[in-house]
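Reading the structure
Chain by chain, the residues:
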Amino acid sequence: MKKNFLLALALGTAMTVTSCDQNNTTESEATTAEATATVDQPQVVDNPNVVPTGQTTSTDNMAVMSFASTEYDFGTIKEGDIVEHTFKFTNTGKSPLVIESASASCGCTAPDWTKTPVAPGEEGEVKVRFDSRNKPGQQSPTVTVRANTEPNIVRVFMKGNVTSSSIPTAGADGPVRLN
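Within every chain, residues take consecutive numbers counted from 1 along the sequence as written. Residues qualify for local features only when their pLDDT is at least 70, as the model is predicted, and side-chain atom pairs are given and counted only at 80 or more; totals for whole chains, interfaces and linings, by contrast, use all residues. No hydrogens and no water enter the side-chain calculation; it runs on all heavy atoms of the structure.

1. Overview of the sheet that holds strand S5 (residues 109-113)
Strand order in the open sheet formed by 4 strands is S1-S3-S6-S5, and the pairing between neighbours is antiparallel. Edge positions in the sheet fall to strand S1 (65-67) and S5, since each has one partner strand and no second. Taken over all neighbouring pairs, the strand axes of this sheet differ in orientation by 30° on average, direction set aside. When DSSP locates at least two bridges between a pair of strands, those strands are taken to pair. Runs of E in the DSSP output that reach at least two residues are strands. Runs of H or I that reach at least four are helices, and both are numbered from the N terminus. Lines are fitted to the C-alpha atoms to define the axes, a helix being fitted only along its stretch in contact, and any angle between axes, read from their N-to-C directions, falls within 0 to 180 degrees.

2. A few points about unusual backbone geometry
Here Glu150 and Pro151 are connected by a cis peptide whose omega angle stands at 0°. Within the element layout of this structure, Pro151 appears in the loop between strand S8 (142-147) and strand S9 (153-163). A positive phi is found at Asn134, a non-glycine position, where the angle reads about 60°. Assignment of secondary structure puts Asn134 in the loop between strand S6 (123-131) and strand S7 (137-139).

See below:
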């Protein structure tokens with residue numbers, strides 16, 4: 001009984017697949033052609049941060065964040081020390097500069113920045129605080145600053161070496177033996 005049922009099902013499926021109507025085929029081909037044409041055309045996305053193709057923007061009137069230096073080497077410090085540095089910048093553009101956000105690469109680093117608009121020709125700052133607790137070895141914390149500038153993302157870096165407080169050092173009696 002199962003064999004007869006499976007045979008009938010297979011025969012019905014084969015007949016359905018192989019039988020065709022010429023009019024339906026033409027409509028199907030037309031639908032396929034329309035779908036292909038639609039896929040080939042790029043979709044337009046309304047995003048204010050992206051310049052549409054074929055248009056250019058003038059950066060002549062934009063704010064420009066010019067740092068004296070984007071990197072600070074804090075040298076060698078002891079584990080647990082806190083390092084703070086202020087990165088100063090000047091708005092060398094023609095419109096007010098507004099920092100939207102500043103985010104650190106890890107939880108050991110905390111940024112603070114000028115929250116008010118920085119007029120053209122004026123200075124602002126990004127303060128970075130690095131806590132070296134539980135961070136022995138070479139460190140390079142990064143802060144990413146997003147503003148209404150061109151480019152709209154700028155990164156400032158700190159770097160240095162953190163000596164571990166848990167590693168025994170040689171004393172007056174010579175090296176320390178660990179058994």
